[in-house]
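# Topology and contacts: notes
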Amino acid sequence: MTSPIWHPFTQHGLNETIPHVVRADGASLHLVDGGTLIDAISSWWVTTHGHCHPRIAQAIAQQAGQLDQLIFASYTHEPAEEVARGLIELAPRAEGRDPLAHVFFSDSGSTSVEVALKMALGYWHNRALDGLSAPRHRILVLEHGYHGDTIGTMSVGERGVYNAAWTPLLFDVGTIAFPAPGAEQQTLDALEAACKEHPAAFIVEPLVLGAGGMLIYSPEILRQMAEICARHDVLFIADEVMTGWGRTGTIFACEQAGVVPDIMAVAKGITGGSVPLAATLATARIFDAHKSQDRARLFYHSSSYTANAISCAAAAANLAIWREEDVLGRIAALEKNMSQRLGRLALHPAFTNARQLGTIVAIDLIAQDAGYLSDLAPRLRTFFLDRGILLRPLGNSIYLMPPYCTDVDQLDHIFAALSAAGDAFGASA
C-alpha cells in the first residue's frame with residue numbers, strides 16, 4: 001500500500017527508500033524488517049542523551065496522567081515554571097552584561113526564532129511609541145545562515161532553491177559576509193558599518209552554521225560581533241537551536257565567547273530530543289518594553305500548545321540530567337574519540353576540509369558534483385543506509401552529530417563507512 005505521508009525535505013519523485021522505524025534506544029534505531037541503524041545525526045540534531053532515555057520517558061508518562069495540556073495565556077503550571085527557572089540558571093552570563101531573565105515558550109526551533117524576531121521589532125516599536133527612539137525595522141543576518149522554514153525565519157536565512165517559491169513573501173534584510181578564515185576583519189568592518197545605520201537586530205548561529213554547511217568560526221569573532229552590536233545599541237540575537245545543549249562542547253555556544261545575547265532561541269535538545277518544545281529567552285529590557293497598563297501593547301504571539309505540560313515535564317527531566325549527571329564529561333569523551341577518528345579520515349585523499357567543534361564533525365568529499373543539490377547526497381544517503389547508518393549529507397559535505405551515548409564501536413563503524421564512501425565516491429574513484 002502506498003503511504004499518504006508527505007515527508008519533509010523528501011523528493012518523492014525519486015522513489016528513495018523510506019525506512020520504517022519501530023523503536024529506538026540509545027544511539028540505535030530499530031527497523032520493521034529487523035535491521036538496526038546508528039543514528040549518527042541525532043535524528044536531526046535533537047537527541048542528546050540517547051533515544052527513549054528512562055528518566056525522560058518516566059517524566060512524560062507521569063505527567064500524561066496528571067496534566068496534559070493547559071491554555072498558557074494567563075495560566076501556568078509547575079513543569080513550565082521549573083523549566084523556566086532552569087533555563088535562566090543555565091543561560092550564559094558575563095560580567096557587565098544584563099542577564100537573560102524571561103522565558104517565552106513555543107514549540108519548535110522555527111517558532112522560537114520567529115518569537116525572537118518579533119520581540120526585537122516589538123521592542124523598537126514600543127520605544128518609538130514612548131518617544132525613546134526612532135523606529136527600527138531592519139534585521140541584519142550572517143551569510144549562509146539557516147534559522148527555520150517559517151516566513152520570518154526564511155527571511156533571515158540564506159536565499160536559494162529551498163525558499164525560492166516564497167520569495168515574494170520574504171522581507172528584506174542586510175547580509176553580513178561569513179567570517180571565513182583570513183576574511184574575519186572584513187566581516188567585522190561590514191557589521192560595524194551596517195550597525196551605524198541603526199538596524200533593529202543582528203541574528204547569528206553562534207560558532208557554527210548548521211544547514212549552511214557546518215561552517216565554523218571562532219569565539220573571538222563571535223565576541224567582537226556582539227561588542228559591535230552593543231556599541232551601537234543593536235539587539236544581538238543568538239540562535240542556539242542547534243548549537244545549544246552541549247553540541248559545541250559547552251551547554252550553549254555563547255559561553256565560549258563570554259557573550260550574553262539580548263535574545264536567545266533554544267529548542268531541539270531542550271527535552272533531550274523526546275518531544276517538541278522551544279523557548280526564547282530575553283533580557284529584562286526586552287520584556288519591560290512590552291510591559292504596560294495598555295493591553296494593546298502586550299506581546300501578540302502564541303500557539304495552542306505553548307508550554308505543553310507533557311513537553312515541559314520532559315524538559316524538566318532533561319534539566320535534571322544536566323544538573324545531576326556528568327553530561328559535559330560524556331561530551332568531552334565523545335569529542336576526543338571523534339577527533340581521533342577524524343584525524344585519520346582526514347588523511348584519505350578523497351576528503352578535504354575536515355573540521356570539528358565539540359561533537360559536531362564535518363568533512364567534504366572531493367567531487368565535481370558539489371553543493372546542496374548535488375546528486376551525490378542521495379547516493380551517499382543510500383550508501384550509508386545500506387551500512388546501517390543514518391546520515392544526511394549536505395551536498396558533498398558529510399557531517400556527524402551523534403547522541404552523547406554513542407560508543408566507540410559505533411564510532412568505528414561510522415568512520416569505517418565514511419572511509420568506504422571516500423573509496424567509492426571520491427573524484428579519483
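Quick caveat: nothing in here was measured; it's all calculated off a predicted structure.

So, how was this worked out
Residues numbered from 1 in each chain as written. Predicted model: local features only at pLDDT ≥ 70, side-chain atom pairs only at ≥ 80, totals over all residues. Heavy atoms only, no water. Helix = DSSP H or I, 4+ residues; strand = E, 2+ residues; numbered from the N terminus. Buried < 20%, exposed > 50% of the residue type's maximum accessible area, 1.4 Å probe, protein only. Contact = heavy atoms within 4.5 Å. Areas by Shrake-Rupley, 256 points an atom, 1.4 Å probe, with all protein chains shown as cover. Lys, Arg positive; Asp, Glu negative; His and termini not counted. Charge placed at Lys NZ, Arg CZ, Asp CG, Glu CD. UniProt positions renumbered as here; feature names shortened; annotations may be inferred. 1 Å grid on protein atoms, 1.4 Å probe; cavity = no way out; pocket = protein on both sides within 12 Å on 5 of 7 lines; lining within 4 Å. Pairing = 2+ DSSP bridges.

On to the overall build of the protein. What the protein contains, in helices and strands, is 12 helices and 16 strands. Expressed as a percentage of its 429 residues, the buried residues of the protein come to 51%. Pairs at least 24 apart in sequence give 71% of the contacts found in the protein among residues at least 6 apart. Of the roughly 19200 Å² of accessible surface on the protein, 55% is carried by carbon and sulfur atoms. When the 29 positive and 44 negative side-chain charges of the protein are each reduced to one mean point, those points stand 2 Å apart.

UniProt records the feature "binding site: substrate" (unreviewed entry) at Trp44, Tyr146, Lys268, Ser302 and Arg392, using the numbering of this structure. Over a stretch of 349 residues, the named residues are scattered through the fold, their C-alpha atoms separated by up to 32.2 Å. As for the lining of the second largest pocket, the annotated residues named previously contribute Ser302. Among the secondary structure elements, Trp44 is positioned in helix α1 (residues 42-45). According to the relative accessible area criterion, Trp44 is partly exposed, its value standing at 35%. When sequence neighbours within four positions are dropped, the list of residues in contact with Trp44 reads Pro8, Phe9, Lys268, Arg392 and Tyr399. Tracing the backbone shows Ser302 in the loop between α8 (284-290) and α9 (309-324).

The 4 strands are arranged β1-β2-β3-β15 in an open sheet whose pairing can be described as mixed. Of all strands in the sheet, those with a lone pairing partner are β1 (21-25) and β15 (389-390), marking the two edges. In terms of strand pairing, strand β3 (residues 36-39) meets β15 through 2 bridges, oriented parallel. Pairing of Asp39 across the sheet is with Leu390, part of β15.

This next bit is on the pairing of strand β2 (residues 28-31). Burial along β2 is two-sided: Ser28 and His30 facing one way and Leu29 and Leu31 facing the other are all buried. Summarising the sheet, β1 and β2 pair through 4 bridges and their orientation is antiparallel. Directly across from Arg23, in β2, lies its bridge partner His30. Between β1 and β2, which pair antiparallel in sequence order, lie 2 residues; one of them, Gly26, sits at a positive phi of approximately 55°.

The subject of this paragraph is unusual backbone geometry. Despite not being glycine, Ser42 has its phi angle at roughly 55°, a positive value. Considering the arrangement of structural elements, one finds Ser42 in helix α1. We classify Ser42 as buried; its relative accessible area is 0%. A positive phi angle, near 70°, is found at Ser74, a position not held by glycine. By the secondary structure assignment, Ser74 is in the loop between α2 (54-64) and α3 (78-90). The exposure class of Ser74 is exposed, given its relative accessible area of 79%.

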